[in-house]
Amino acid sequence: MLVIGLTGGIGTGKSTVSRLLSTKHNLPIIDADVLARDVIAPGTSGYDLVVKHFGADRVVMSDGVSLDRAAIGDIVFKDPEERKWINGVVHPRVRKAMVQQILKYWIRGEWAVVLDVPLLIEAGLWKWVGEIVVVYVSEKLQLQRILDRPSNPPLTEEQAKARMASQMPLATKLTYATSVLDNSGTLADLEVQVDRAVAKWKDGQGGSSGWWWRLCWLVPPVGLAAAWICLLRTWWRSRQPARRRSRGETDGRGERIEMSDLRKRKGGARL
Ligand SMILES: CC(C)(COP(=O)(O)OP(=O)(O)OC[C@H]1O[C@@H](n2cnc3c(N)ncnc32)[C@H](O)[C@@H]1O)[C@@H](O)C(=O)NCCC(=O)NCCS
Ligand SMILES: Nc1ncnc2c1ncn2[C@@H]1O[C@H](COP(=O)(O)OP(=O)(O)OP(=O)(O)O)[C@@H](O)[C@H]1O
């Protein structure tokens, strides 16, 4: 089963792409935002921790039970330490729920599953998926779409900018991508790109017969070996010097490669 990691920035169009993948292409979707709500819903250990940490007077609504998500958002998107704290509560629980759902879809014999995770790269989950799809728009359009989106209560420009700033820049996320969906155009433009991406993934899984994923499913040792190869390939691609440089990594190895590139260009002159 191909595990597709779908990511991007807040408001770049991940849910819009998920909807297309689910309704048009029948792919199962695991939505991290939904799981992140479930794991701090009333009655969970996550809820108790959040209420105890932030204080019921700040984050519980007037009904005495429901969490005031806007109030929590105002705290955590302004304060990196508080964001780190809530991530520490939510992320391990979301990861566990995701693994359970992936297993469920694998047992069902699905050929692929989509993980819609806004923080796929930030949280390091990109290492565990076979495809990394980044939904991209410019920062200007991103802000515009967040502000235009119907939400209750609507986000102010300041709140939207605080959320954007709390995430890794989209340009850096692009350097991890195995597929990029440019959502700067119309919904029809996006749909064409989604169709093309699905066709590519299907090809990789054995085309219309799906012989390859069926073999992996029916013979688990083959499936396991294929999964390891797939993870190694994702990891290897991410180590490529060009990708590392473009996301600003300047460790020794990257610098040496740049220097040797320069040497070649200068006809071997000493630098
Ligand atoms: C702070 C909370 C309560 C605000 O809830 P609210 O309903 O207003 O927003 P919602 O959950 O729908 O998130 C909207 C978007 O905000 C961005 N976002 C959410 N949490 C984070 C975070 N910790 N860091 C950066 N961006 C985030 C994502 O792009 C997400 O799609 C909520 O976002 C939360 O619990 N966040 C911490 C857990 C988390 O990281 N969730 C993201 C998926 S794992
Ligand atoms: N191509 C498009 N043209 C116009 N509007 C769009 C397009 N794609 C998405 N939108 C709109 O932009 C807004 C943000 O899209 P969406 O909710 O899919 O983003 P998201 O990445 O899932 O956001 P979040 O990180 O908050 O979950 C929505 O109101 C959506 O309808």
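Quantities reported herein were computed from a predicted structural model and do not represent experimental measurements.

Visitor: Any details on the overall build of the protein? Residues and values, ideally.
Guide: Along the backbone of the protein there are 14 helices and five strands. Projecting the C-alpha coordinates of the protein onto the three principal axes gives extents of approximately 70 × 55 × 35 Å. Counting every position in the protein, which comprises 271 residues, the buried fraction comes to 40%. For the protein, the exposed surface amounts to about 15200 Å²; the carbon and sulfur share of it is 58%. When the 40 basic and 29 acidic side-chain charges of the protein are each reduced to a single mean position, those positions are 8 Å apart.

Visitor: Provide a residue-level description of the pattern of salt bridges, including the pertinent values.
Guide: Here the structure, examined in full by the defined rule, presents five salt bridges. Here Lys 173 ties to Glu 122 by a salt bridge, and the two come within 3.0 Å at their closest N and O atoms. With Lys 173 in helix H9 (residues 170-174) and Glu 122 in the loop between strand S3 (112-116) and strand S4 (131-136), this residue pair connects regions lying 51 residues apart in the sequence. The exposure class assigned to Glu 122 is partly exposed, which follows from its relative accessible area of 31%. Residues joined in a network through salt bridges with shared partners are Lys 24, Glu 191 and Asp 195.

Visitor: So what about the domain arrangement of the protein? Which residues, and what values?
Guide: For the protein, the domain assignment lists domain 1 (1-28 + 110-219) and domain 2 (41-101). For domain 1 and domain 2, the distance between their C-alpha centres works out to 25 Å. Between domain 1 and domain 2, a total of about 790 Å² is buried, with carbon and sulfur atoms accounting for 68% of that surface. Its largest share of buried area at the contact with domain 2, domain 1 owes to Leu 125, Arg 163 and Ser 166, together 43% of the area lost on that side. Here domain 1 is connected to domain 2 by zero salt bridges. Looking at which element gives the most residues to the side of domain 1 that touches domain 2, the answer is helix H8 (residues 157-165), with four residues.

Visitor: Describe the nonpolar core, listing the residues and the values that go with them.
Guide: It is characteristic of soluble globular proteins that their nonpolar side chains tend to be buried jointly. Ranked by internal contacts, the top residues of the largest apolar core, which has 36 residues, are Phe 54, Leu 67, Ile 72, Val 94 and Met 98. For this core, the elements supplying multiple residues, two or more each, are helix H2 (32-38), helix H3 (45-54), helix H5 (69-76), helix H6 (80-108), S3 and S4. When we break this core down by domain, the ones giving at least three residues each are domain 1 (1-28 + 110-219) and domain 2 (41-101). Filtering out sequence-adjacent residues up to four positions away, Phe 54 remains in contact with Val 59, Ile 72, Ile 75, Val 76, Glu 82, Trp 85 and Ile 86.

Visitor: Provide a residue-level description of the sheet that holds S4, including the pertinent values.
Guide: As a general point, the strands of a sheet are linked pairwise by backbone hydrogen bonds and lie either parallel or antiparallel. The five strands are arranged S2-S3-S1-S4-S5 in an open sheet whose pairing can be described as parallel. Edge positions in the open sheet fall to strand S2 (29-31) and strand S5 (179-182), since each of these has one partner strand only. If you compare each strand with its neighbour and ignore which way they point, the axes differ by 20° on average. Pairing of strand S1 (residues 2-8) with S3, which is carried by five bridges, proceeds in the parallel orientation. When the bridges of S3 are listed, Ile 4 appears paired with Val 114. Taken strand by strand, H6 contacts S2 and S3, and its axis lies near 170° from that of S2. Where helix H10 (residues 187-204) meets the sheet, it contacts S1, S4 and S5, and its direction lies at approximately 165° from that of S5.

Visitor: Give me the lowdown on the site of ligand 2, citing residues and values where you can.
Guide: The full set close to ligand 2 counts 15 residues, and Lys 14, Ser 15, Thr 16, Arg 149 and Asn 183 are the nearest of them. Gly 11 places a polar main-chain atom, nitrogen or oxygen, 3.0 Å from an oxygen atom of ligand 2. Between an oxygen atom of ligand 2 and a side-chain N or O atom of Thr 16, the distance comes to 2.6 Å. Taking 630 Å² as the accessible area of ligand 2 by itself, protein coverage stands at 77%. Per element, the largest residue contribution to the shell around ligand 2 is three residues, and it comes from helix H1 (residues 14-23). The class makeup of the residues in the shell around ligand 2 is two nonpolar, nine polar and four charged.

Visitor: Residue-level account of the packing of aromatic side chains, with values.
Guide: Overall, the coordinates contain four aromatic pairs when judged by the stated rule. Each ring, one from Trp 235 and one from Trp 236, has its centre 6.3 Å from the other, and the planes form 45°; the classification is tilted. Trp 235 gets classed as partly exposed once you look at its relative accessible area, which sits at 42%. Residue classification places Trp 236 among the exposed residues on the basis of a relative accessible area of 51%.

Basis of the calculations
- Residues numbered from 1 in each chain as written.
- Chains lettered and ligands numbered in written order.
- Predicted model: local features only at pLDDT ≥ 70, side-chain atom pairs only at ≥ 80, totals over all residues.
- Heavy atoms only, no water.
- Helix = DSSP H or I, 4+ residues; strand = E, 2+ residues; numbered from the N terminus.
- Buried < 20%, exposed > 50% of the residue type's maximum accessible area, 1.4 Å probe, protein only.
- Areas by Shrake-Rupley, 256 points an atom, 1.4 Å probe, with all protein chains shown as cover.
- Lys, Arg positive; Asp, Glu negative; His and termini not counted.
- Charge placed at Lys NZ, Arg CZ, Asp CG, Glu CD.
- Salt bridge = Lys/Arg side-chain N within 4 Å of Asp/Glu carboxyl O.
- Domains from an automatic or database assignment.
- Buried area = accessible area lost by both parts, 1.4 Å probe.
- Core = buried A, V, L, I, M, F, W, Y, C linked by side-chain atoms within 4.5 Å.
- Contact = heavy atoms within 4.5 Å.
- Pairing = 2+ DSSP bridges.
- Axes fitted to C-alpha atoms, helices over the stretch in contact; angles between N-to-C directions.
- Near = heavy atom within 4 Å.
- Polar contact = N/O pair within 3.5 Å; in protein donor to acceptor, adjacent residues only side chain to side chain.
- Nonpolar A, V, L, I, M, F, W, Y, C, P; charged D, E, K, R; others polar.
- Phe/Tyr/Trp six-rings, centres within 6.5 Å; stacked < 30°, edge-to-face > 60°.

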